[in-house]
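Descriptive structure summary
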Amino acid sequence: MNAEGQLRSLLNGLSQDNSVTTFAQNSLYTKPIFVHFRPDIENAFLAKRSLEFSHIFRIASFLWLTLYAVILLSTYHHFPYIFTNKSYIIWQSAFLSAGILVLGACICSFITSTHHFIHQYLVAPAMTLLLYQLLVGSVAHADNESGLYASYNIIITMIIALNSLRLLWQKGLLILACSSMMAYATCFINNWNIPLLPALHSFVLTGIVLVNIAFFIERRERFGFLNEILVEIKTHELARINRHLITIAREDALSGLANRRAFDDTLVIEWDRARREEQPLSLLFMDVDHFKLYNDTYGHGAGDDCLRQVATAIKKAVLRPADLAARYGGEEFVVLLPATDGHGAEEVAERILRTVDSLSIPHKRSLVSYHVTVSIGICSMLPSDKNNIAMFVENADAALYKAKTSGRHCLKHYIEPPALNDFHFKH
Amino acid sequence: MFKQQLHQGSILQQFPYLLEYTLESLKKRKFILAFPAVLEAQFVAKRAAESQAFINTGRYLLILLFLLIVTNVTFYYDYIILTNNYQIIRQTYIPLSIAITFILFSPFIRYVRDYFYYFMALCAIFIIYHILILTFEYNGDYSNFVVYHLMMAIILMAFGLRFVLPLFVIVLVSAASLSIGVAEFRDLSINYAKFSNYYILYSCVVIALTAISEWHERLAFFTKFIIRSSIFRIKYIK
């Protein structure tokens, strides 16, 4: 997984954890001076910083190369003796190591897989080394202009180290502390006098200011990161609410089948598809036989329960994922069968009749059976310019009427499919 | 660059196209994130508020820093202080201290808060101009000493006052032009070799860093904008 994917998965993980929301909201509300993250959030924050480093690394490395070239040329122009006189070995080594670092950075910026390692393990030691060399150079040649020139470069290097490399401020502080201690030790061993005032102003005071700035920038970024986590959480919440809303909008609360709206929408889509692909489309229109009598006898509660069981039976009998079973209204149900001709629709209708029968829901006032039964009208069409959706539904309804007038508990086609007799269910 | 305006109520209701623009920009991570005027004004207002928070937090630390610098000047360069009946104090340090005091305490004044960058840009130009003139006017150690403070002032302006990039460039260029103009008028000699290092090169580095930092902030601003709109939508749905 790449760094971006890793960060995304870390953020996803955090967005699933409810305690993260509380933590983020509390921190954003209280805005503490020192923003301490829990280890999981801290890991994600470090991953984000590493990724940001990777994003800016390529352009930054070429900026550093330009800066290095400018400083090199300017030094050569003003102090050519630095490059020829052996007593300026510290300067020469500083230029050499800075050159190697900048060139290495430019090359590595093209190898994305190295970015994380460089940010994690190489940047801080490299900057410490460079700063150490500049500090030693400024002290060793404090008596002339080149020492002053070194101190300008010290400030520029400190700014780059603390404010552009996406390091934590503590790491920046560590770079300053380590390089200054190493430089102090070198000066002590060589008996070099450290010029107090320039050192105080060019390094100590500037260092304090820069560490403070790095601290405040990081603090602001930490709050920004908490906001980012909250975005993830809110996005998930929105997606969940949307899914729930879609379910509510498209599902019939009583039967659990698709509702009329979902059926109407799907019918338009399937009709167009069938027309495009020149495929037949079938519709089963069904009605629970003598349902009014059932309601009057057993009450509305039992009626609802009966509809629920019939709906479950229909769902069970409709096997293909592309088929849609829906409650059309009252005790009427429909099943939309894409890419199905009259024979196929008949098979499904038979299965529904059988499944509903197998429920054996008692219905003592039914005029066709001792249990609840359904009648089914079938309409199959090849959508074209000569027909339309309204006609399709009306024909299915007419077929249902035909089934009802034929004694109910049966299925009827609007137009009989060739070479197949009417299927009349035998009691 | 200057206009700061915090919108009351939902900005999305007033400018519904902004969400699409925000999502698009976040997705593409454009290198130059130019905001529409309404968002830019919000962004500037946010930066002004953050800058004021930075000033409020670091006010006494900055006063301490200034006093330390003045003390060092008094002790190590007393011969400069005493010249011409404290001329440098009258002409430079008192105006500088007034400008710095104004920056540090102005967040208490509502009018300044509302037009923060109009005042701060002028103050910044004023401060840089005075320090630059000092570097032109004096030679040797004192000049070098002042250069450190110039560098410190520039970095504090970039990350403390939080000018947006174009304004920051304008401040630096204006201050430099003004100083050079005055220096030429007063026949002060300018060491351009040094100047190109401590001012031009250094400013370029700080500008580059400011640009990178601002780019990240603009992305973060988008994120915050999305969270606000998400919360608004969730509340609306609920």
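Here the structure is a predicted model, which means the values were calculated and not measured.

Moving on: the overall build of chain B. Scanning chain B from N- to C-terminus turns up 10 helices and 0 strands. The secondary structure elements of chain B, listed N-terminal to C-terminal, are α-α-α-α-α-α-α-α-α-α. A total of 238 residues make up chain B; the buried ones form 53% of that total. For chain B, restricting intrachain contacts to residue pairs at least 6 apart in sequence, the fraction spanning at least 24 positions comes to 78%. Carbon and sulfur atoms form 65% of the exposed surface of chain B, whose accessible area is close to 11,300 Å².

Turning next to helix H9 (residues 260-277) of chain A. Residues and elements named next belong to chain A. Its 18 residues place the ends of H9 25 Å apart at the C-alpha level, agreeing with the 26 Å of an ideal helix rising 1.5 Å per residue. When we look at burial in H9, the residues that qualify are Ala262, Phe263, Thr266, Leu267, Glu270, Trp271 and Ala274. Taken around the axis of H9, the buried residues stretch over an arc of 155°, which confines them to a single face. Opposite the packed face of H9, turned more than 90 degrees from it, sit the exposed residues Arg261 and Arg276. Where H9 is buried, its residues meet helix H8 (196-250), strand S1 (281-288), strand S2 (324-329), strand S3 (332-338), strand S4 (374-381) and helix H13 (389-405). Residue Asn259 occupies the N-cap position of H9, its side-chain oxygen lying 3.3 Å from the main-chain nitrogen of Arg261. In the stretch just after H9, Glu278 is the one whose phi turns positive, near 55°.

Here we take up a nonpolar patch on the surface. A cluster of nonpolar side chains, contributed by B:Tyr60, B:Phe105, B:Phe108, B:Ile109, B:Tyr111, B:Tyr115 and B:Tyr118, occupies part of the molecular surface with about 790 Å² of accessible area. Of note, B:Tyr115 is situated in the loop between helix H6 (110-114) and helix H7 (116-137).

What follows covers the side chain of B:Lys194. Mapped onto the secondary structure, B:Lys194 falls in helix H10 (residues 192-237). With a relative accessible area of 14%, B:Lys194 lands in the buried category. Those residues in contact with B:Lys194 that sit more than four places away from it in its chain are A:Glu145, A:Leu148, A:Tyr152, B:Ser143 and B:Asn144.

In this section: the confidence of the model for chain B. Residues and elements named next belong to chain B. Taken over all residues, the pLDDT of chain B has a mean of 83, while the share at 70 or more is 87%. Predicted confidence in chain B is weakest over helix H1 (residues 11-14), with a mean pLDDT of 60, and strongest over helix H9 (residues 165-185), with 94. Overall fold confidence (pTM) sits at 0.71, and the ipTM for the predicted complex is 0.75.

Turning our attention to the nonpolar core. One finds B:Ile128, B:Tyr142, B:Phe163, B:Tyr198 and B:Tyr199 to be the most contacted residues of the largest nonpolar core, which totals 132 residues. Considering every element that reaches this core, the biggest residue donor is helix H8 (residues 140-161) of chain B, with 16 residues. Not counting chain neighbours up to four residues away, the residues in contact with B:Phe163 comprise B:Arg47, B:Tyr117, B:Met120, B:Ala121, B:Ala124, B:Met157, B:Ala158, B:Phe168, B:Val171, B:Thr210 and B:Glu214. If you look at the next biggest cluster of nonpolar residues, it comprises 31 residues, including A:Met286, A:Cys306, A:Ala311 and A:Ala349.

What counts and what doesn't
Residues numbered from 1 in each chain as written. Chains lettered and ligands numbered in written order. Predicted model: local features only at pLDDT ≥ 70, side-chain atom pairs only at ≥ 80, totals over all residues. Heavy atoms only, no water. Helix = DSSP H or I, 4+ residues; strand = E, 2+ residues; numbered from the N terminus. Buried < 20%, exposed > 50% of the residue type's maximum accessible area, 1.4 Å probe, protein only. Contact = heavy atoms within 4.5 Å. Areas by Shrake-Rupley, 256 points an atom, 1.4 Å probe, with all protein chains shown as cover. Expected span 1.5 Å × (residues − 1). Arc of directions from axis to C-beta. Polar contact = N/O pair within 3.5 Å; in protein donor to acceptor, adjacent residues only side chain to side chain. Patch = residues over 30% accessible without salt bridge, like charges linked within 9 Å, V, L, I, M, F, W, Y side chains within 5 Å. Salt bridge = Lys/Arg side-chain N within 4 Å of Asp/Glu carboxyl O. pLDDT = per-residue confidence, 0-100. Core = buried A, V, L, I, M, F, W, Y, C linked by side-chain atoms within 4.5 Å.

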